[in-house]
Amino acid sequence: MPRLSSLALARATLDRATERRRDPDWVAARWADERARAVPVLAGDVPVADDLTSLVYVSPAALDALGGADPAGDAGEGGTEERYFLGLDEADVPYFAVAFTGASEDLGPDVLLDGRPAEKVRWAGLREVGGTLPDRDAGVVVHAVALVNWHAAHQHCARCGARTRPTDGGHVRRCPACETQHFPRTDPAIIVLVTDAEDRCLLGRQGSWPVGRFSTLAGFVEPGEPLEHAVAREVHEETGIHVVDAEYAGSQPWPFPSSLMLGFFARAISTRIQVDEEEIVEARWLSRADLKAAVESGELLLPGEVSIARRLIETWYGSPLSGSW
Ligand SMILES: [Zn+2]
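On a predicted model such as this, the values are computed, not experimentally measured, just so you know.

With respect to the side chain of D137
No. 1: Its location among the elements puts D137 in helix α4 (residues 135–153).
No. 2: Judged by its relative accessible area of 2%, D137 falls in the buried class.
No. 3: At 2.7 Å, the side chain of D137 and the side chain of Y57 are in polar contact.
No. 4: Ignoring sequence-local partners within four residues, the contact set of D137 consists of S54, L55 and Y57.

Right, here's the structure in full:
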């Protein structure tokens, strides 16, 4: 099977400038750069143009004037709006994420970099705009949302419980009490399209999903576990099918809140389905003709277009399919 290319959430273009962001003065100077662009994140949503084809950035100076982000701190003090350095574009324009705590109405045309009137701005999440934004903006949102999610859930030291503060442009939190450095967490999860000897694919439905909604099988990688073992374990646990030859297909971040989806194709050496009734309540073997008929009749709904699951299914199928959850 071919590798997956141009995954919707794997299109980042910025230089993260990892060496330079360790210097708080350098980061502060980037925030003060009049060309700097910030993306406010509010409950996972970001401001976008109403046609969903561009991100609407905010001016750091205008945010400072709103009294939110702390202009003196490295990445902002805890308790105010923290800001995190994302990277530089090809013209060295700096980009930041802001854990926005204000109201969306605060961001009027005087704050928005393109001066867009409020009625031409929408707040939307990655599932909706991950595929419609251009490469740079899609990469900015994925990075911003993942980082804001991590900071929101890691305000205290896991070792001693003291309140931590962001440093390294927001890519580390440091504990002032015990000096421990905490790094942003990414949770690896495998997602796999299984095929059998007749080249049918195996799709499953989770118990929490409505009837008709199917996807590839997926699960988190456990500590001490190689990816290939995770693929075989998850498929067997959820459907009773034994697989071999797990073949890596590509990856994309999935910041809901912090996963990295690692896509695989794998070959089944058994076909008798026995679902676990916990995670997966229904699983089916589908030929290409079966899948086409089920999708066209509306009997089966495919995962969303920004998901790696959708791309795994379409790559096996051989062309794009219509409709989604
Ligand atoms: Zn500590």
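Here we look at the coordination of the zinc ion
No. 1: Around the zinc ion, the protein contributes the donor atoms C157 (SG), C160 (SG), C175 (SG) and C178 (SG), which lie 2.3 to 2.4 Å from the metal centre.
No. 2: Coordination at the zinc ion is tetrahedral, judged from the four donor atoms that bind it and the angles of 102 to 117 degrees they form at the metal.
No. 3: Mapped onto the polypeptide sequence, the residues donating to the zinc ion form the spacing pattern C-x2-C-x14-C-x2-C. Pair noted here: C157 is in the loop between α4 and β6 (165–167) and C175 is in the loop between β7 (172–174) and β8 (181–182), with a separation of 18 residues, a long-range link. In this structure, C157 and C175 share a single accessibility class: buried.

As for the environment of K292
No. 1: By the secondary structure assignment, K292 is in helix α6 (residues 288–297).
No. 2: K292 sits 184 residues away from G108 along the chain, and the two C-alpha atoms are 46 Å apart.

Focus on helix α5 (residues 227–239)
No. 1: The end-to-end C-alpha distance of α5 is 18 Å, a good match for the 18 Å that 13 residues give at a rise of 1.5 Å each.
No. 2: Within α5 the residues assigned to the buried category are A230, V231, R233, E234, V235, E238 and T239.
No. 3: On its buried side, α5 packs onto β9 (187–195), β10 (201–206), β11 (217–220), β12 (243–254), β13 (259–268) and β14 (280–286).
No. 4: Taken from the residues just after α5, G240 is the one with a positive phi, measuring 80 degrees.

Re the UniProt feature "domain: Nudix hydrolase" (unreviewed entry) in the protein
No. 1: Per the UniProt record, "domain: Nudix hydrolase" (unreviewed entry) is found at residues 184–314.
No. 2: Secondary structure content for residues 184–314 is 23% helix and 37% strand, while the C-alpha to C-alpha distance between its ends is 32 Å.

Looking at the sheet that holds β7
The strands making up a sheet associate through backbone hydrogen bonding, with each pair oriented either parallel or antiparallel.
No. 1: Judged by pairing direction, the sheet is antiparallel, and its three strands sit side by side in the order β6-β7-β8 without closing on themselves. The sheet is open, and its two edges are formed by β6 and β8, each paired on a single side.
No. 2: The pairing of β7 with β8 spans two bridges and is classified as antiparallel. Paired with R174 across the strands is Q181, a residue of β8.

Focus on the nonpolar core
No. 1: Ranked by internal contacts, the top residues of the largest apolar core, which has 54 residues, are V39, V48, L55, L86, V140, L291 and L300.
No. 2: The biggest single contributor to this core is α4, with eight residues.
No. 3: Counting contributing residues per domain, this core is built from domain 1 (20–182) and domain 2 (187–317), each supplying no fewer than three.
No. 4: In this view, L300 contacts G212, F214, R284, L286, L291, A294 and V295; residues no more than four positions away in its chain are not counted.

A short note on the layout of surface pockets
No. 1: Its boundaries defined by the atoms lining it, the largest pocket holds a volume of some 820 Å³.
No. 2: Residue lining of the largest pocket: 32 residues in total, with R127, W209, W254, M261 and W325 positioned closest to the centre.
No. 3: For the lining of the largest pocket, the elements supplying multiple residues, two or more each, are β9, β10, β11, α5, β12, β13 and α7 (308–317).
No. 4: Among the elements that make up the lining of the largest pocket, the one with the highest residue count is β11 (four residues).
No. 5: Across the lining of the largest pocket, the residue classes tally to 15 nonpolar, eleven polar and six charged.
No. 6: Here the second largest pocket is characterised by a volume of approximately 370 Å³.
No. 7: Along the wall of the second largest pocket there are 21 residues; nearest its centre are R16, H143, A146, T186 and P253.
No. 8: Looking at the lining of the second largest pocket, the elements that each hand over two or more residues are α4 and β13.
No. 9: Element by element, the count of residues in the lining of the second largest pocket is highest for α4, at six residues.
No. 10: Residues that form the lining of the second largest pocket fall into these classes: twelve nonpolar, six polar and three charged.
No. 11: Counting the residues that make up the lining of the second largest pocket, at least three belong to each of domain 1 (20–182) and domain 2 (187–317).

A closer look at the packing of aromatic side chains
No. 1: Counted according to the given criterion, the structure contains eight aromatic pairs.
No. 2: Ring centres of W254 and F256 lie 4.7 Å apart, and the angle between their planes is 75 degrees; this geometry places the pair in the edge-to-face category.
No. 3: Given the relative accessible area of 17%, W254 is considered buried.
No. 4: Pairwise contacts between aromatic rings join W26, W31, F85 and F96 into one cluster.
No. 5: Sitting above the plane of the F256 ring, R127 keeps its charged end 4.0 Å from the centroid.
No. 6: The ring centre of F214 lies 5.8 Å from the NZ or CZ of R284, which sits over that ring.

Thresholds applied
- Residues numbered from 1 in each chain as written.
- Predicted model: local features only at pLDDT ≥ 70, side-chain atom pairs only at ≥ 80, totals over all residues.
- Heavy atoms only, no water.
- Helix = DSSP H or I, 4+ residues; strand = E, 2+ residues; numbered from the N terminus.
- Buried < 20%, exposed > 50% of the residue type's maximum accessible area, 1.4 Å probe, protein only.
- Polar contact = N/O pair within 3.5 Å; in protein donor to acceptor, adjacent residues only side chain to side chain.
- Contact = heavy atoms within 4.5 Å.
- Donors = N, O, S within 2.8 Å, 3.2 Å for Na, K, Ca; no water.
- Tetrahedral: all angles 85-135°; square planar, octahedral: opposite > 155°, others 65-115°.
- Expected span 1.5 Å × (residues − 1).
- UniProt positions renumbered as here; feature names shortened; annotations may be inferred.
- Pairing = 2+ DSSP bridges.
- Core = buried A, V, L, I, M, F, W, Y, C linked by side-chain atoms within 4.5 Å.
- Domains from an automatic or database assignment.
- 1 Å grid on protein atoms, 1.4 Å probe; cavity = no way out; pocket = protein on both sides within 12 Å on 5 of 7 lines; lining within 4 Å.
- Points joined across faces, edges and corners; volume = space filled by probe spheres on them.
- Nonpolar A, V, L, I, M, F, W, Y, C, P; charged D, E, K, R; others polar.
- Phe/Tyr/Trp six-rings, centres within 6.5 Å; stacked < 30°, edge-to-face > 60°.
- Lys NZ or Arg CZ within 6 Å of the ring centre and 35° of its normal.

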